[in-house]
Structures are given as structure tokens and as C-alpha cells.
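Architecture at a glance
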Number of protein chains: 2
Amino acid sequence: MVDRAKKKIDNIEHKGFIPNVSYDSVIFGFNGKQLKILILEYYNTGLFALPGGFVKRNESLDAAAERGVRERTGLDQIYLEQFYTFGSLTRSDPQAMERILEGNGMDRQAHQWMLDRFLSVSYYALINYDEVTPKPDELSDNINWYPIDELPPLMMDHNQIVNKALEVLRDNFEKKLIGMNLLPSKFTMKQLQMVYETILGKKLRRTSFQRRILGMDILERQEKLYQGKAHKAPYLYSFKS
Amino acid sequence: MVDRAKKKIDNIEHKGFIPNVSYDSVIFGFNGKQLKILILEYYNTGLFALPGGFVKRNESLDAAAERGVRERTGLDQIYLEQFYTFGSLTRSDPQAMERILEGNGMDRQAHQWMLDRFLSVSYYALINYDEVTPKPDELSDNINWYPIDELPPLMMDHNQIVNKALEVLRDNFEKKLIGMNLLPSKFTMKQLQMVYETILGKKLRRTSFQRRILGMDILERQEKLYQGKAHKAPYLYSFKS
């Protein structure tokens, strides 16, 4: 425990970070059926949270968010998009931070700055669920995918951050074609429709969906996906580059 | 000068503010022809900037932005929408801050914290140009409307902030009907079309614009606007509430 705590104090010292600012990230993945989010569980606390972190004095905000996601989840090179900065007076929760410090055997005095008020710059990402294996960092004993409609209660205002991320995602979805990041490189029309339905939160008619998508001229038809009865095999598609 | 400086030191002390975080606001107005932005000029510096400020420890981020705009421009009760947080390593400019402190006879030592790195949470607003008379605060000798295509070089990354605001504004414009905030309560179809053209940055065909807008069922037709030849008088419209 001492070595663990020692390592953490070396890693997290106030001097190196901008005080009162953190970031949080909402990392969406699609498993072919459900839209899910990566949630961390902190050691010995029962506290669930979005992966987040602090900004070093000598790194840009975007670089901090990328580094933090890499360190906390093991995911590298994922595309993050900033969407909102949360700054209410009531959002910080010093008691939750104290439980995390205690649960990890960290010295309260040395981390006093972490109990202060924080603004959170929030980012979202969309990744292909199948290509990644998230790994928890040393502060957390778990990192798991949770369906967006089955999230545990998250610490501080993190549930609110998730809701805002979903709202922005829905707003941007058709405009920016960001859904493509959730799919494997080849996918069926049905899978694509499920991504749209999950994010937009409503059922779409198969025929009109298909007509609209094909009319956008963004897909390239590939070979058929043979599994089971061959005469029913659907075509695979990929996004035009 | 001493009294001036004294007052400012009382007003701006590090202790009361969150360090390393500021906000900036891009306040759009439409004068019937051009889209303009409010720009401050700092005393004795030749430096132009967006109206901005710092966040008090005991106020929310949104409240800080509203208070700051009120204090710096004299505009009250304007609707601000947060759009992005700028956090590059190169954005802060201690030399410009030093010139502002010197130009205002403020003690450099007492305001050392203002020379540090800052993240800027940026907001935009759309207001009815005719209803407001901006007033500069005590740090600035001018506050003026500048057409968006005739801006002076702004300090730090403020030109970049304006460009991002315009980009977000264009993205949100049709979706959120925010253009209505730029117009008087009654307006002609031509004025409405000019707002759309200015923000979207392109000419629109009168007939198709008119058809599309009327088809949205958002306008209420009012009396005619009589000026000059009566047989040419256009109708006035207002937005349905």
C-alpha cells in the first residue's frame, strides 16, 4: 500500500497541474446492439465516475484530455471532441474526493488541492467497441462498459455530463457522420440503422432509412456477409473515404 | 491615476478569483445590414480584445460570464451561450497583459497572477443592435461595434475565438432559430433574409427563401410598413411566441 501511495503522490502533485480545472470524457461504444459508455469504479469507495483528470501546466487542454484517457482507460489514439465546460457552484464534491484519497491510501494533506472547486471541460468520443480492451489505471479497480440506459449513479454531476453528451451527439449526428466511428470497417445496413436508432432514440423505417442513406452517396457496397442461409445474406458496406 | 489604480486593485484581487481560467464573449449585433461584434480597446495600449473576465470563487461559470459582460459593456440581461473552451499552450500573452496593467497604472506585483497561463471558456450572444448602448468599463477607453469582416487585429487568440463563434453560429442557426434575437420585434421579410444571408455568408434567392420561411410556420404577419411609396409597402412580421 505504501508503494502504491508513494507512486501516486509522485504522479499527482499540485505543482504540475492547473488548479480548479479538470476534464471528463464520455466514451461511447456500440456493441452491435446497444450504445454503451466507459465507467470507472474507484478502489474501496463504491464510487463510479467518468474517466477524467487534470491539466498539466505544460500541456494543452486537448493533449491533457488525450493523455488522461490513455492513462485511465488504456485506450490510445481515440478521437475526442470537446463539447461543454461545466462550472456550477454545486458540482464539486469534496467528500467524494476524500473517499477516493482514503480508499487509495493517499495522503489527504498532500492532495488538499483536489478537494477544491473544479470546473470540468468535457469531451466525448465514439469508438469501435470490438477493437479496444479498456484497462483500469492504478486508482480504479474496474473499468466497464455500461449501456446508456443502465448507468449506475455516478459521482458529482457526471450523470448530467452524460446527458449533455448525448444531447450534443444527437444534434451532431447526422450533420457530421460521426456514427461511422462506432462501426467496424465493414457493416450491414441493419447495423448502420441500429446505430442511428440508438443514438437518435427512436425506431426508423427500414425502407426509408435505406433510401435516405444510399441517397447520401457515402457508402460503398462490399461483398455479401455469408452466415447461415446463403440466400438471405445481406451485403456489407463501408464508408467511402 | 492613483485613485483609479487603487479602485482596480480593490476590484481585481487574485484571492477572490479562480486562477488560470477566464471567459471571453463574442457579442453579435445586426444593424439591419451588417453583422457586427463588440470590441474593447484597453487604455493606452492600442490593444483590442473581446470583452472578458475572471470567475469568482463563489459564483458559477455562467454567472461570471453574465456579470462580466454587464460590467464590461454595460449590457444587462443578454442571453449568452457557451460554445468552446480554448486551452492551447501558446494562447496566453503575458506581454500584452503587462501592457494593460501598465497602461492602467496597475501594480504589476499585485497582479502577477494575471500574467500566468489562462484557459478561456468562450460564450456568444446575439442581441438587437438598436436596443443597447454599450458602455466601456474602467479598464477600457472604448467599446465599439466592428463589422465581422473589418475587425482590428485582436490580442491573444481572440480572432480565432471569433472565427469559432461564427462557425458554431452557422451550425446552430437554422436549427435553433437564434437569429430572432438579432431583429427588432417587428421586421420585414427582407431584413430577415439579410440576417440569414449575413450569418450563412451567402446570397439566398428571395422567392425560395420566402417560401421556406413561411412554410416553417414561425412568423405572424403584422401591418404594412409605410414609408415612401405606399403601394410598395412591405408587410412587417413577428415571430410567433
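Residues numbered from 1 in each chain as written. Chains lettered and ligands numbered in written order. Predicted model: local features only at pLDDT ≥ 70, side-chain atom pairs only at ≥ 80, totals over all residues. Heavy atoms only, no water.

**What about the nonpolar core?**
Judged by nonpolar contacts, the single largest core of 44 residues is most densely connected at A:Ile27, A:Ile78, B:Ile27 and B:Ile78. The residues contacting A:Ile78, other than those within four sequence positions of it, are A:Ile27, A:Val69, A:Ala125 and A:Ile127. (Core = buried A, V, L, I, M, F, W, Y, C linked by side-chain atoms within 4.5 Å. Buried < 20%, exposed > 50% of the residue type's maximum accessible area, 1.4 Å probe, protein only. Contact = heavy atoms within 4.5 Å.)

**Observations regarding the UniProt feature "domain: Nudix hydrolase" (unreviewed entry) in chain A**
In the numbering adopted here, UniProt assigns the feature "domain: Nudix hydrolase" (unreviewed entry) to residues 20-170 of chain A. Helix and strand shares over residues 20-170 of chain A are 24% and 33% respectively, and the end C-alpha atoms of the span are 30 Å apart. (UniProt positions renumbered as here; feature names shortened; annotations may be inferred. Helix = DSSP H or I, 4+ residues; strand = E, 2+ residues; numbered from the N terminus.)

**Some words on the packing of helix H5 (residues 189-200) of chain B against helix H6 (residues 206-215) of chain B**
Residues and elements named next belong to chain B. At a closest axis distance of 11 Å, the pairing of H5 and H6 adopts a crossing angle of 95 degrees. As judged from the angle between their axes, H5 and H6 are roughly perpendicular. Note on element contacts: H6 touches H5 through Arg 206, Phe 209, Gln 210, Ile 213 and Leu 214, opposite Met 189, Leu 192, Gln 193 and Tyr 196. Looking at side-chain class alone, the contact of H5 with H6 contains six nonpolar, two polar and one charged residues. (Axes fitted to C-alpha atoms, helices over the stretch in contact; angles between N-to-C directions. Parallel < 35°, antiparallel > 145°, perpendicular 65-115°, else oblique. Nonpolar A, V, L, I, M, F, W, Y, C, P; charged D, E, K, R; others polar.)

**Digging into the sheet that holds strand E9 (residues 219-224) of chain A**
Residues and elements named next belong to chain A. Within the open sheet, the three strands sit side by side as E8-E10-E9. Their pairing is antiparallel. Either end of the sheet is taken by a strand with one partner, and the two such strands are strand E8 (187-188) and E9. For E9 and strand E10 (residues 235-239), the ladder comprises four bridges, and the chain directions are antiparallel. Looking across to E10, one finds that Glu 220 is bridged to Ser 238. (Pairing = 2+ DSSP bridges.)

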